[in-house]
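Chain residues, written in single-letter form:
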Amino acid sequence: MFNKLRRQILFFKFHVLHLRGVTAIKKWQTGRLRRLIPMIASHIPLYAELLKKADIRPAEIRTLADLKKLPVTSKAIFLNKPVREYTNRSRSLRGRWAQTSGSSGAPFNPLRRRHVRLPWYGDSLHYRFLFWDKPWVVRAQGMRIAHIRVLPNNKLNHLVVPVTDFLNDTARAVQCIIDFGPHIIESHASILFELATYVHKHGLVLSPRYVVSVSENLSPATRAVVQEALHCPIYNRYGLEEFGTVGVECAQHNGFHVNCESFVVEILDDKGTPCSDGVFGRVIVTDLYNDEMPFVRYDTGDCGKISWTQCACGLYAPRIWIEGRYGAFLTLGGKRYHHFEFDAALDSFMDKIISYQVVKLTETNICVRVLPGPAYHTSDGPDIVKRVQARIGENIAVSVQCVTSIPRVPQGKSQIIKDESVSAL
Ligand SMILES: [Zn+2]
């Protein structure tokens, strides 16, 4: 009885931290850090070795500012190492092994922290926007949630439609969702777009209270189409397989509020120096709760910025904005062009474009495949060519092709950068 009450109080403190001020948030994070660092030094051989090499004693890491003394880690340091090197063998492992999409390189299986699967904690992290004005509600209780996703899960009150079923027989999948009558529909942005256009085209009635977009860039054009067809707001969520949900939008839809009770997010420049508030750099995340396979100062491969300025919604929890992955790039004429450079070129067209894919056809020839939105006009094609050309120079020929769909990688996400020059040889 006493233990149950204690657990509930601990959870409630966790759940409402993002409603508190900056001082309370930083105090909480410091407390978790002081617990995390001695643990990784004693129980995780990989981190013990890293600390030793950097000549750092765990006792030196006392504040959030001390965190920057620790080396930055990445997927590369985990790959090809035995699992016992980076997992905590002082206890039995109860987390869930996840598989990343591999869109930024080699596949990698992280062990997700266990408490994400606990209903209270999971709901608090994934559907936080539901609770910000009602912190006494601690679960998405009674909410029927429909997911269109790759991997199945069997939770009470949840409907899971596999992405392949949705794509192979959209009519049946949509009817199944309508019959379920979901309060929340959750999927990748490109799948939500297809759902919305199907519903609109066939004059169907599907009115969830909220739509949640996960694990793909959500363009303003996609947001507009989905909101109009499904008559409800769309909340974008930022997460990675290594961490689960790192941040969620509030009703202002201006950046992701970091789940700051669980994660410390830093932005670093190319030299590893912390960037000022609002300056883009590499997104580095420390998970304060994964005791089984800890991720400390983990380079996500994403490019983003952070701000601790109070949001118009009233929250002090920091917000992050994500621009794109550092890992996704094309090599043209011996020079490397990152995905976010193409993002920058296409940025001003994103109210007209649902999604796009930059395809390398030969060493001197690329094609921008565009999935046009309702506001797109054929005269936008030459303007896109001009913008892209301004980034990559006149030596590379650029063409624009309107398509009806963008192919997906196995995890169901659209692929933004593609090299077809190898298969053309
Ligand atoms: Zn906000």
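Time to look at the pairing of strand β8 (residues 244-249). For β8, a buried count of six out of six residues is recorded, marking the element as mostly surrounded by other parts of the structure. Sheet analysis places strand β7 (residues 234-240) next to β8, joined by four bridges and oriented antiparallel. Among the inter-strand pairings, Tyr 238 is bridged to a residue of β8, identified as Gly 247. Hairpin remark: β7 followed by β8, antiparallel, with three residues in the connecting loop. Bridge count for β8 against strand β9 (residues 256-258) is three bridges, and the pairing is antiparallel. The residue bridging Val 248 from the neighbouring strand is His 257, located in β9. Two successive antiparallel strands, β8 and β9, enclose a turn made up of six residues, where His 253 displays a positive phi of approximately 50°.

Turning our eyes to something else, we now look at the packing of helix α2 (residues 22-43) against helix α3 (residues 45-53). The contact between α2 and α3 brings their axes to 6 Å, and the two run at 105°. Our classification of the angle between α2 and α3 gives roughly perpendicular. Contact residues: Ile 40, Ala 41 and His 43 in α2; Pro 45, Tyr 47, Ala 48 and Leu 51 in α3. When grouped by side-chain class, the residues that make up the contact of α2 with α3 number six nonpolar, one polar and no charged.

Let us now look at the coordination of the zinc ion. Note on the zinc ion: its protein donors are Cys 250 (SG), His 257 (NE2), Cys 311 (SG) and Cys 313 (SG). The metal-donor distances range over 2.1 to 2.3 Å. Geometry at the zinc ion is tetrahedral, judged from the four donor atoms that bind it and their angles of 102 to 114° at the metal. In terms of primary sequence, the donors binding the zinc ion are separated according to C-x6-H-x53-C-x1-C. You can see His 257 sitting in strand β9 and its partner Cys 311 sitting in the loop between β12 (298-307) and β13 (319-325), a full 54 residues away along the chain. Neither residue differs from the other here; His 257 and Cys 311 are each classed as buried.

A separate point is the pattern of salt bridges. Under the defined criterion, the tally for this structure stands at 13 salt bridges. Across the salt bridge formed by Asp 66 and Lys 69, the nearest N and O atoms sit 3.5 Å from each other. Since its relative accessible area comes to 42%, Lys 69 is described here as partly exposed. Residue Arg 282 pairs with Asp 299 through a salt bridge whose shortest N-O separation is 2.8 Å. In this pair, Arg 282 sits in strand β11 (residues 281-287) while Asp 299 sits in strand β12, placing the two residues 17 residues apart along the sequence. One network of salt bridges, in which partners are shared, links Arg 369, Lys 418 and Glu 420.

Glancing now at the environment of Tyr 238. Structurally, Tyr 238 can be placed in strand β7. It is 21 Å that separates the C-alpha atoms of Tyr 238 and Glu 194, two residues lying 44 residues apart in sequence. Residues contacting Tyr 238, with those up to four places away along its chain left out, are Gly 244, Thr 245, Val 246, Gly 247, Phe 256, Val 283, Thr 300, Asp 302, Ile 320 and Ile 322.

Ranked by internal contacts, the top residues of the largest apolar core, which has 46 residues, are Ile 40, Leu 70, Phe 243, Val 246, Val 265 and Ile 320. If you tally residues by element for this core, the top one is α2, at seven residues. Once residues lying within four places of it in the same chain are set aside, the contact partners of Ile 320 are Tyr 238, Val 246, Gly 255, Phe 256, Val 258, Val 265, Lys 305 and Ile 306. One finds Ile 185, Ile 191, Phe 193 and Leu 218 within the second-largest nonpolar core, a separate group that totals 31 residues.

Taking 1.5 Å per residue, 13 residues should reach 18 Å; helix α9 (residues 189-201) reaches 18 Å between its end C-alpha atoms and fits that length. For α9, the complete set of buried residues consists of Ala 189, Ser 190, Ile 191, Leu 192, Phe 193, Leu 195, Ala 196 and Val 199. Gly 203 lies just past α9 and shows a positive phi near 60°.

All right, on to the domain arrangement of the protein chain then. For the protein chain, the assigned domains are domain 1 (2-123 + 238-323), domain 2 (144-182 + 188-232) and domain 3 (329-424). Each of domain 1 and domain 3 has a C-alpha centre, and these two points are 33 Å apart.

Turning our eyes to something else, we now look at helix α10 (residues 220-230). Every buried residue of α10 is accounted for by Ala 221, Thr 222, Arg 223, Val 225, Val 226, Ala 229 and Leu 230. Residues of α10 that are buried make contact with α9, β6 (210-214), β7, β8 and β16 (353-362).

Attention now moves to the sheet that holds strand β17 (residues 365-372). Strand pairs in the sheet, formed through backbone hydrogen bonds, run parallel or antiparallel to each other. Ordered in space as β18-β17-β16-β19, the four strands form an open sheet in which the pairing is mixed. Looking at strand neighbours, the two that pair on one side only are β18 (397-402) and β19 (417-419), the edges of this open sheet. Each adjacent strand pair in this sheet contributes to an overall mean axis angle of 20°, direction not counted. Summarising the sheet, β16 and β19 pair through three bridges and their orientation is parallel. Among the inter-strand pairings, Lys 360 is bridged to a residue of β19, identified as Asp 419.

With respect to burial, β7 is a largely interior element, six of its seven residues being buried. Pairing geometry for β6 and β7, over four bridges, is parallel. Bridging from a neighbouring strand, Val 211 pairs with Ile 234 of β7. On the question of chirality, the crossover connecting β6 to the parallel β7 by way of α10 is right-handed.

Let us now look at the confidence of the model for the protein chain. Here the protein chain shows a mean pLDDT of 86. Residues at 70 or above account for 90%. Low confidence marks residues 101-105, where pLDDT is under 50. Its contacts with residues over four positions away, or in another chain, come to seven contacts.

The next point concerns the environment of Arg 128. Topologically, Arg 128 is positioned in the loop between α6 (119-126) and β3 (145-149). Along the primary structure Arg 128 and Cys 250 are separated by 122 residues, whereas in three dimensions their C-alpha atoms are 8.4 Å apart. The contacts of Arg 128, once residues within four sequence positions are left out, are Phe 14, His 18, Asp 123, Asn 259 and Glu 261. Only 3.0 Å separates the side chain of Arg 128 from the side chain of Asn 259, close enough to count as a polar contact.

What counts and what doesn't
Residues numbered from 1 in each chain as written. Predicted model: local features only at pLDDT ≥ 70, side-chain atom pairs only at ≥ 80, totals over all residues. Heavy atoms only, no water. Buried < 20%, exposed > 50% of the residue type's maximum accessible area, 1.4 Å probe, protein only. Helix = DSSP H or I, 4+ residues; strand = E, 2+ residues; numbered from the N terminus. Pairing = 2+ DSSP bridges. Axes fitted to C-alpha atoms, helices over the stretch in contact; angles between N-to-C directions. Parallel < 35°, antiparallel > 145°, perpendicular 65-115°, else oblique. Contact = heavy atoms within 4.5 Å. Nonpolar A, V, L, I, M, F, W, Y, C, P; charged D, E, K, R; others polar. Donors = N, O, S within 2.8 Å, 3.2 Å for Na, K, Ca; no water. Tetrahedral: all angles 85-135°; square planar, octahedral: opposite > 155°, others 65-115°. Salt bridge = Lys/Arg side-chain N within 4 Å of Asp/Glu carboxyl O. Core = buried A, V, L, I, M, F, W, Y, C linked by side-chain atoms within 4.5 Å. Expected span 1.5 Å × (residues − 1). Domains from an automatic or database assignment. Right-handed = clockwise from strand over helix to strand, strands pointing away. pLDDT = per-residue confidence, 0-100. Polar contact = N/O pair within 3.5 Å; in protein donor to acceptor, adjacent residues only side chain to side chain.

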